[in-house]
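Residue-level listing of the chains:
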Amino acid sequence: MTSANAATVEPYAALAVHRDTLDRASRSAQVATIIRNNILAGHFRPGARLSEPDICEALKVSRNTVREAFRTLIEERLVTHELNRGVFVRVPAITDIAEVYKCRRIVECAALRDYPRTTPDLTEVAAALECADRYAAENDWAGVGTADVDFHRAITALNNSSLLDSLMAGVWNELRLIFHVVEDANAFHLPYLHRNHEILTTLTRGDSTTAATMLADYLADAESQIRTAYTRITTPQ
């Protein structure tokens, strides 16, 4: 075989040796998705231990599959592994809160300032807010938190950048974890739900500069409130 032919064939031959792992990899990805969704929904709260045997039994999968799923979730910063103790849902630190809100201020406020020069359609933003209202009416504050993230995800999407949307995915997951640490979800989310309405109304009127300023104030207040809640939770009594 000539060197030119080798360059053409050998990379694909190298890929072929991995084909038997495809089903297993897909299975571990599915398990990771299931666990991820349950963490983000608050069924496994920050600090909770994830029992490998119990997950294996619940999903009827092998320990290797669960461990591969755990590795994916560790990379996503949703869980941590503690030597001789096991795997736990990650508890975001104060420094994580600062990083999340710094990213949000940069990305979301830019989306509002540039509206409507980017994506002049507020349909998804309004739909997320309507969903939050429905959850609030049902007194489902975990649902309100999820819809709140969707509202701000839709604001980010006004930047009209799929790459930016992808980069922000980890930020939204981190925010969901942060929300789950806040003890009184009703008291926390309700004022911000009202402020979301005010931001959307201002944006709909075409005053994007004021909407961006309102959001910056909103994010500063939310960060301060969450920092206070964290300090209260983590300070020894």
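These lines cover the structure that appears in this document, whether it is placed above or below.

What counts and how
Residues numbered from 1 in each chain as written. Predicted model: local features only at pLDDT ≥ 70, side-chain atom pairs only at ≥ 80, totals over all residues. Heavy atoms only, no water. Core = buried A, V, L, I, M, F, W, Y, C linked by side-chain atoms within 4.5 Å. Buried < 20%, exposed > 50% of the residue type's maximum accessible area, 1.4 Å probe, protein only. Helix = DSSP H or I, 4+ residues; strand = E, 2+ residues; numbered from the N terminus. Contact = heavy atoms within 4.5 Å. Phe/Tyr/Trp six-rings, centres within 6.5 Å; stacked < 30°, edge-to-face > 60°. Expected span 1.5 Å × (residues − 1). Polar contact = N/O pair within 3.5 Å; in protein donor to acceptor, adjacent residues only side chain to side chain. Pairing = 2+ DSSP bridges.

Things to note about the nonpolar core
Judged by nonpolar contacts, the single largest core of 44 residues is most densely connected at Tyr101, Leu112, Val125, Leu158 and Ile226. Only α5 (94-114), α6 (123-137), α7 (141-157), α8 (162-181), α9 (185-204) and α10 (208-234) provide two or more residues apiece to this core. In terms of residue count, α10 provides more of this core than any other element does, 8 residues in total. With near-sequence residues (within four places) excluded, Ile226 lies in contact with Ile97, Tyr101, Ile178, Phe179, Val182 and Phe188. By size, the runner-up hydrophobic cluster in this structure holds 18 residues, among which are Ile39, Cys56, Leu73 and Val87.

Considerations on the environment of Ala29
Relative to the assigned elements, Ala29 resides in helix α2 (residues 22-40). Classification of Ala29 by relative accessible area gives partly exposed; the value is 40%. As for Ala29 and Thr72, which are separated by 43 residues in sequence, their C-alpha atoms are 7.9 Å apart.

So, the packing of aromatic side chains
Counted according to the given criterion, the structure contains 3 aromatic pairs. An aromatic cluster of at least three residues, connected via ring pairs, comprises Phe179, Phe188, Tyr192 and Tyr218.

As for α7
Taking 1.5 Å of rise per residue, the 17 residues of α7 would be expected to cover 24 Å, and the 24 Å separating its terminal C-alpha atoms lies within 8% of that figure. Most of α7 sits out of view: 12 of its 17 residues are buried. Looking at α7, one finds that the buried residues are Trp141, Gly143, Val144, Gly145, Ala147, Asp148, Val149, Phe151, His152, Ala154, Ile155 and Thr156. The N-capping residue of α7, defined by a side-chain oxygen 3.4 Å from the backbone nitrogen of Ala142, is Asp140.

A few points about the pairing of strand β2 (residues 79-82)
Bridging between β2 and strand β3 (residues 86-89) involves 4 bridges; their strand directions are antiparallel. Note on β3: the bridge partner recorded for Glu82 is Gly86. Taking the residues between adjacent antiparallel strands as the criterion, β2 and β3 are bridged by 3 residues, where Asn84 takes a positive phi near 65°.

Digging into the pairing of β3
Bridging between strand β1 (residues 49-50) and β3 involves 2 bridges; their strand directions are antiparallel. Note on β3: the bridge partner recorded for Arg49 is Phe88.

Without other data, these values stay purely geometric and don't point to any function.
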